[in-house]
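One letter stands for each residue in the lines below.
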Amino acid sequence: MARSNTKTNSKSNTVSPSRQRLSMTAENYLLSIYRLNEEDTIVTLTQLAEHLKMLPEGEGLGTSLPTVGGMIRRLEREGLLAVDGKKQLSLTKKGQRSAEEIVRRHRLAERMVVDMLDVELHRAHVEAHLLEHAISEYLEERIMEKLGNPTTSPFGYPIPGTDYVQPGPSFRLNEAPLDNRLQIDKIPVDDEVLLEHLVQNQVIPGNEIMVREINTSTGIIAFECMGEGVVVGYQVGQFIWVRSDDE
């Protein structure tokens with residue numbers, strides 16, 4: 001009897017050979033560097049170490065400078081990261097592709113737990129960190145289909161590899177014009193307590209906002225969101241992005 005060939009060319013049953021999964025630690029480093037780049041932050045060893053401290057404890061990351069420095073050298077050897085003469089870190093083309101893959105899985109996981117599982121928005125970021133490393137290429141495609149091919153996370157951040165189009169120029173809340181109708185574009189995700197406060201006050205992407213006061217002396221920003229008064233610290237305003245409400 002002829003021996004059957006057990007190999008398959010079906011994409012749904014195989015992982016693309018070009019997508020070799022990295023360790024959880026490497027994925028977290030690339031995700032953090034990608035997110036710092038989104039914030040236009042110059043990435044250094046110290047900046048990266050501080051950002052890694054904001055990841056959930058369950059990720060099991062060492063965040064001391066020697067530990068972070070050792071991982072940076074490893075990622076550099078693997079061709080994922082480059083370090084210039086000023087000790088600034090940047091993703092290589094290979095590193096950028098890998099970072100986009102993990103960010104894509106993370107933001108899809110955020111969208112999935114909120115839209116499909118009704119997880120509270122302030123918990124979605126932490127839950128997504130638990131899921132992102134386990135999502136296969138096949139499952140990723142199924143999640144996209146099930147969710148109707150979303151282009152942003154529940155927090156307003158673009159999902160890499162989708163047809164996302166920026167609705168218009170956005171700017172930080174602490175730079176917003178006063179008494180103008182604006183729309184929330186993106187909100188910070190790392191501080192669960194802050195995020196819960198924002199969600200409770202309906203400060204979420206798509207909702208209308210009108211800034212009434214930006215006071216650098218007292219360090220507060222006062223605004224109305226969906227008709228209700230809200231106050232946040234001036235520093236928090238750097239991480240809330242808004243855009244003109246032209247719709």
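Predicted model, so just to flag it, every value in this text is computed and none were measured. (Residues numbered from 1 in each chain as written. Predicted model: local features only at pLDDT ≥ 70, side-chain atom pairs only at ≥ 80, totals over all residues. Heavy atoms only, no water.)

Enquirer: Is there a simple way to explain the overall build of the protein chain in this structure?
Expert: Within the protein chain, the regular secondary structure consists of 7 helices and 8 strands. Across the 247 residues that make up the protein chain, the buried fraction comes to 43%. Counting only contacts in the protein chain whose residues sit at least 6 apart along the sequence, the fraction spanning at least 24 positions is 62%. Carbon and sulfur atoms form 49% of the exposed surface of the protein chain, whose accessible area is close to 13,500 Å². (Helix = DSSP H or I, 4+ residues; strand = E, 2+ residues; numbered from the N terminus. Buried < 20%, exposed > 50% of the residue type's maximum accessible area, 1.4 Å probe, protein only. Contact = heavy atoms within 4.5 Å. Areas by Shrake-Rupley, 256 points an atom, 1.4 Å probe, with all protein chains shown as cover.)

Enquirer: Help me out: how do you make sense of the packing of helix α4 (residues 93–115) against helix α5 (residues 121–131) in this one?
Expert: Angle between the axes and distance between the axes are the two parameters that describe a pair of packed helices. Close contact between α4 and α5 brings their axes to 8 Å; oriented N to C, the two are set at 130°. Between α4 and α5, the angle is such that the two are oblique. For α4 against α5, the interelement crossing comes out right-handed. Taken together, the residues of α5 that come into contact with α4 (itself represented by H106, A109, E110, M112, V113 and V114) are L121, A124, H125, A128, H129 and L131. Class assignment for the residues of the contact of α4 with α5 results in 8 nonpolar, 3 polar and 1 charged. (Axes fitted to C-alpha atoms, helices over the stretch in contact; angles between N-to-C directions. Parallel < 35°, antiparallel > 145°, perpendicular 65-115°, else oblique. Left-handed = near helix turned anticlockwise from the far one by under 90°. Nonpolar A, V, L, I, M, F, W, Y, C, P; charged D, E, K, R; others polar.)

Enquirer: Is there a simple way to explain the environment of K93 in this structure?
Expert: Structurally, K93 is set in helix α4. What makes K93 exposed here is its relative accessible area of 73%. Taking the C-alpha atoms as reference points, K93 and L80, 13 residues apart in sequence, are found 7.5 Å from one another.

Enquirer: Quick question: what am I supposed to make of the pattern of salt bridges here?
Expert: Should their charged atoms come close, side chains of opposite charge can pair. For the coordinates displayed, the defined rule picks out 13 salt bridges. The partner of E140 in a salt bridge is R104, with the nearest N and O atoms 2.5 Å apart. Within this pair, whereas E140 is found in helix α6 (residues 137–147), its partner R104 is found in helix α4, the two being separated by 36 residues in sequence. Judged by relative accessible area, which is 16%, R104 ranks as buried. Each of D179, R212 and E224 takes part in salt bridges that share partners, so that together they form one network. (Salt bridge = Lys/Arg side-chain N within 4 Å of Asp/Glu carboxyl O.)

Enquirer: Would you take a moment to explain the environment of L80 for this structure?
Expert: Mapping L80 onto the fold places it in the loop between α3 (65–77) and β1 (81–83). Among the residues examined, L80 registers a relative accessible area of 1% and is labelled buried. When the C-alpha positions of L80 and S98 are compared, they lie 8.1 Å apart, and in sequence the two are 18 residues distant. Ignoring sequence-local partners within four residues, the contact set of L80 consists of L22, L30, L75, S90, L91, T92, K94, G95 and S98.

Enquirer: When you look at the sheet that holds strand β8 (residues 241–244) in this model, what are you seeing that I'm missing?
Expert: Remark on secondary structure: sheet strands pair via backbone hydrogen bonds, oriented parallel or antiparallel. With antiparallel pairing, the 6 strands of this open sheet are ordered in space as β3-β8-β4-β5-β6-β7. Either end of the sheet is taken by a strand with one partner, and the two such strands are β3 (170–172) and β7 (228–233). Strand-to-strand, the axes of this sheet are offset by a mean angle of 45°, without reference to chain direction. As defined by bridge partners, strand β4 (residues 182–186) adjoins β8 across 4 bridges and the pair is classed as antiparallel. Along β8, the bridge assignment pairs I184 with V242. (Pairing = 2+ DSSP bridges.)

Enquirer: What exactly am I supposed to notice about unusual backbone geometry here?
Expert: When glycine is set aside, most residues are seen to have a negative phi, and most peptide bonds are trans. Despite not being glycine, D179 has its phi angle at roughly 60°, a positive value. Position of D179 among the secondary structure elements: in the loop between β3 and β4. The class of D179 is partly exposed, set by a relative accessible area of 45%. Despite not being glycine, M226 has its phi angle at roughly 55°, a positive value. With respect to the helices and strands, M226 occurs in the loop between β6 (220–225) and β7.

Enquirer: Would you take a moment to explain the pairing of strand β5 (residues 208–215) for this structure?
Expert: Along a regular strand, successive side chains alternate from one face of the sheet to the other. Of the pairings in the sheet, the one linking β4 to β5 comprises 2 bridges and is antiparallel in character. From the neighbouring strand, Q183 faces β5, where its bridge partner is E208. Bridging between β5 and β6 involves 6 bridges; their strand directions are antiparallel. Residue M210 lies in a different strand from β6, and its bridge partner there is E224. Linking β5 to β6, which pair antiparallel, is a turn of 4 residues; within it G219 sits at a positive phi near 75°.

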